[in-house]
Amino acid sequence: MAVAFIAGALVVLTAWPATAASVELTAAVCPEAPPGVEAFADQVTAWVKWGVLALIGIAAVVSLGSVLVGRMFSHPHASRYGAMGIAVVVMVAITYTVILVILSSITGSGCT
């Protein structure tokens with residue numbers, strides 16, 4: 001019984017004409033900051049960008065220093081943690097650039 005019902009449903013669903021026109025759904029609304037907020041939002045975004053960039057730089061220097069100190073004093077744990085830190089810094093830097101591209105494509109300038 002269930003097999004017949006499913007087969008009948010498939011026949012009905014595939015019976016629609018193949019020449020149906022596709023409908024393109026696009027929003028004609030451009031992202032725009034509320035009046036008076038744009039300058040403040042730009043300033044906060046710039047501070048966050050530079051803050052994250054500074055943290056990435058500091059983490060890279062600390063990780064490289066850990067590898068160097070671990071090699072100089074034969075401390076394998078420091079070298080290992082430094083190497084893991086470098087890998088994490090690289091992943092965070094890649095994620096940082098991807099997030100910036102995503103935010104730029106969302107807020108963008110004007111409609112595209």
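Values in this document were obtained by computation on a predicted structure and should not be read as measured data. (Residues numbered from 1 in each chain as written. Predicted model: local features only at pLDDT ≥ 70, side-chain atom pairs only at ≥ 80, totals over all residues. Heavy atoms only, no water.)

**Comments concerning the overall build of the protein**
Tallying secondary structure elements over the protein gives 3 helices and 0 strands in all. Listed N to C, the secondary structure of the protein is α-α-α in terms of helices and strands. In the protein, buried positions account for 8% of the 112 residues. Of all intrachain contacts in the protein linking residues separated by at least 6 positions in sequence, the fraction that spans at least 24 positions is 52%. Counting every atom, the protein has about 9,400 Å² of accessible surface; 76% of that belongs to carbon and sulfur. (Helix = DSSP H or I, 4+ residues; strand = E, 2+ residues; numbered from the N terminus. Buried < 20%, exposed > 50% of the residue type's maximum accessible area, 1.4 Å probe, protein only. Contact = heavy atoms within 4.5 Å. Areas by Shrake-Rupley, 256 points an atom, 1.4 Å probe, with all protein chains shown as cover.)

**Remarks on the environment of E32**
Relative to the helices and strands, E32 is located in the loop between helix 1 (2-13) and helix 2 (38-72). Taking the C-alpha atoms as reference, E32 lies 7.4 Å from T107; in sequence the two are 75 residues apart.

**Some remarks on a nonpolar patch on the surface**
A surface patch of nonpolar side chains, about 620 Å² in accessible area, is lined by V90, I94, V98, I99, I102, L103 and I106. With respect to the helices and strands, the residue I99 is situated in helix 3 (residues 76-107). Look at I99 and you get partly exposed, because its relative accessible area is 42%. (Patch = residues over 30% accessible without salt bridge, like charges linked within 9 Å, V, L, I, M, F, W, Y side chains within 5 Å. Salt bridge = Lys/Arg side-chain N within 4 Å of Asp/Glu carboxyl O.)

**Notes on helix 2**
Helix length check: helix 2, at 35 residues, gives a terminal C-alpha distance of 51 Å against a target of 51 Å (1.5 Å per residue), a fit within 8%. The set of residues buried in helix 2 consists of I56, S63 and G70. Looking one or two residues beyond helix 2, the residue adopting positive phi is S74, at roughly 50°. (Expected span 1.5 Å × (residues − 1).)

**A few points about unusual backbone geometry**
Look at S74: it is not a glycine, yet its phi comes out positive at around 50°. For S74, the location among the structural elements is in the loop between helix 2 and helix 3.

**Considerations on helix 3**
Under the 1.5 Å per step criterion, the end-to-end length of helix 3 is 46 Å for 32 residues, consistent within 8% with the ideal 46 Å. Turning to helix 3, the residues buried within the fold contact helix 2.

**Focus on the packing of helix 2 against helix 3**
At a minimum axis separation of 7 Å, helix 2 and helix 3 run at an interaxial angle of 160°. By the criterion of interaxial angle, the relationship of helix 2 to helix 3 is roughly antiparallel. For the pair helix 2 and helix 3, the sense of crossing is left-handed. The segment helix 2 lies against helix 3, with K49, V52, L53, I56, A59, A60, S63, L64, S66, V67, G70 and R71 engaging A78, S79, G82, A83, G85, I86, V89, V92, A93, Y96 and L100. (Axes fitted to C-alpha atoms, helices over the stretch in contact; angles between N-to-C directions. Parallel < 35°, antiparallel > 145°, perpendicular 65-115°, else oblique. Left-handed = near helix turned anticlockwise from the far one by under 90°.)

**Considerations on the side chain of S79**
For S79, the position within the fold is in helix 3. Beyond its immediate sequence surroundings of up to four residues, S79 is in contact with S66, V67, G70 and R71.

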